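Given next are the chains, with one letter for each unit.
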Amino acid sequence: MLLKNYKDHFISVLTPNYGLEEATSFFYMLSEHLHGLQRVDLVLQPDFSLTPEDVVTWSGFLEKLQEHHPIQYLIGSTHFYGLPFHVTPAVLVPRPETEELVDWVVQSYATAQPQNILDIGTGSGCIAISLAHHFLTTQVYAIDVSAAALEVAQLNASLNHVSVHFLRQDILKTTELPTKYDVIISNPPYVRELEKQEIKPNVLDFEPLLALFVSDEDPLLFYRIIAQLAMESLQPEGFLFFEINQYLGEATVNLLKDLGFKDIQLCKDFMGNDRMIRATFF
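Residues numbered from 1 in each chain as written. Predicted model: local features only at pLDDT ≥ 70, side-chain atom pairs only at ≥ 80, totals over all residues. Heavy atoms only, no water.

Turning our attention to the side chain of Asp182. Position of Asp182 relative to the elements: it lies in strand E6 (residues 181-186). One polar contact links the side chain of Asp182 to the main-chain amide nitrogen of Gln115, over a distance of 2.7 Å. If we skip the residues at most four places from it in the chain, Asp182 touches Tyr109, Pro114, Gln115, Asn116, Leu234, Gln235, Gly238 and Phe239. (Helix = DSSP H or I, 4+ residues; strand = E, 2+ residues; numbered from the N terminus. Polar contact = N/O pair within 3.5 Å; in protein donor to acceptor, adjacent residues only side chain to side chain. Contact = heavy atoms within 4.5 Å.)

Here you go:
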């Protein structure tokens, strides 16, 4: 069977669940993963043929995708801020919104590098590693409560040839941080239980819920704890960066104001949703 013919079948099966654009992107991700063929290669090689074994492999991926398995878990990798990352069900799949958060840090230090950065709740390490890759002289630290997540993060640091100091730690049980930082950044759990119906099955059924959800009664728990720690651990003129729940932008800003933070900026993501905050305490 020609790959271009299988493409039509693959996309037609997935389009009802994912839409044409996403189904097409899945096809090209798998063609590169399975055959090393990028989009341009398929144009240049229209007669590329699949063996019977290839068809079985493709059909297995197609079945998993119909069951809403995240394609990043199926192929074991993704890209974030231009870098490759291993991903497993122990970590959240890095998202474009978080790339925007990383870029905000980069733009905030366009003329000078921060001396040290702390990433709280690092997961796959995508934030810490991307910043370490960009700020070559910066000491980057990252903590997470999950040992399995930290194993993935360490693999990703090695994959991208950067040094990050990883530590297993429960931020909710932390009373002080070991030193002072120019940047404290976090993308903590922020999806309320009441918002579960908005979450796609490929996220809700397969990604680590510990990294996603907070209680409806105290949805800003992580923000409050991290901000209180940052009050004692930010260097003068240092920044606190958060990725936030789009519905709780004003509430998160007010939390930081009440704690005494200054120059609080609320930023929208590429979809027009309140998604990021930058603040300083001095």
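We are not done yet, so read on.
What follows covers the packing of helix H2 (residues 20-35) against helix H4 (residues 52-66). In the contact formed by H2 and H4, the axes pass within 12 Å of each other and the chain directions differ by 140°. The orientation of H2 with respect to H4, classified from their angle, is oblique. Relative to H4, the crossing made by H2 is right-handed. Between H2 and H4, the contacting residues are Phe26, Phe27, Leu30, Ser31, His33, Leu34 and His35 on the first element and Asp54, Thr57, Trp58, Phe61 and Leu65 on the second. Here the contact of H2 with H4 is built from residues that sort into seven nonpolar, four polar and one charged. (Axes fitted to C-alpha atoms, helices over the stretch in contact; angles between N-to-C directions. Parallel < 35°, antiparallel > 145°, perpendicular 65-115°, else oblique. Left-handed = near helix turned anticlockwise from the far one by under 90°. Nonpolar A, V, L, I, M, F, W, Y, C, P; charged D, E, K, R; others polar.)

Take the pattern of salt bridges next. Counted under the stated rule, the structure contains six salt bridges. The partner of Arg192 in a salt bridge is Glu195, and the shortest N-O contact between them spans 2.5 Å. Note on Arg192: relative accessible area 16%, which makes it buried. Residue classification places Glu195 among the buried residues on the basis of a relative accessible area of 4%. Across the pair Asp269 and Arg275 runs a salt bridge whose closest N-O atoms are separated by 3.1 Å. Owing to a relative accessible area of 8%, Arg275 belongs among the buried residues under this scheme. (Salt bridge = Lys/Arg side-chain N within 4 Å of Asp/Glu carboxyl O. Buried < 20%, exposed > 50% of the residue type's maximum accessible area, 1.4 Å probe, protein only.)

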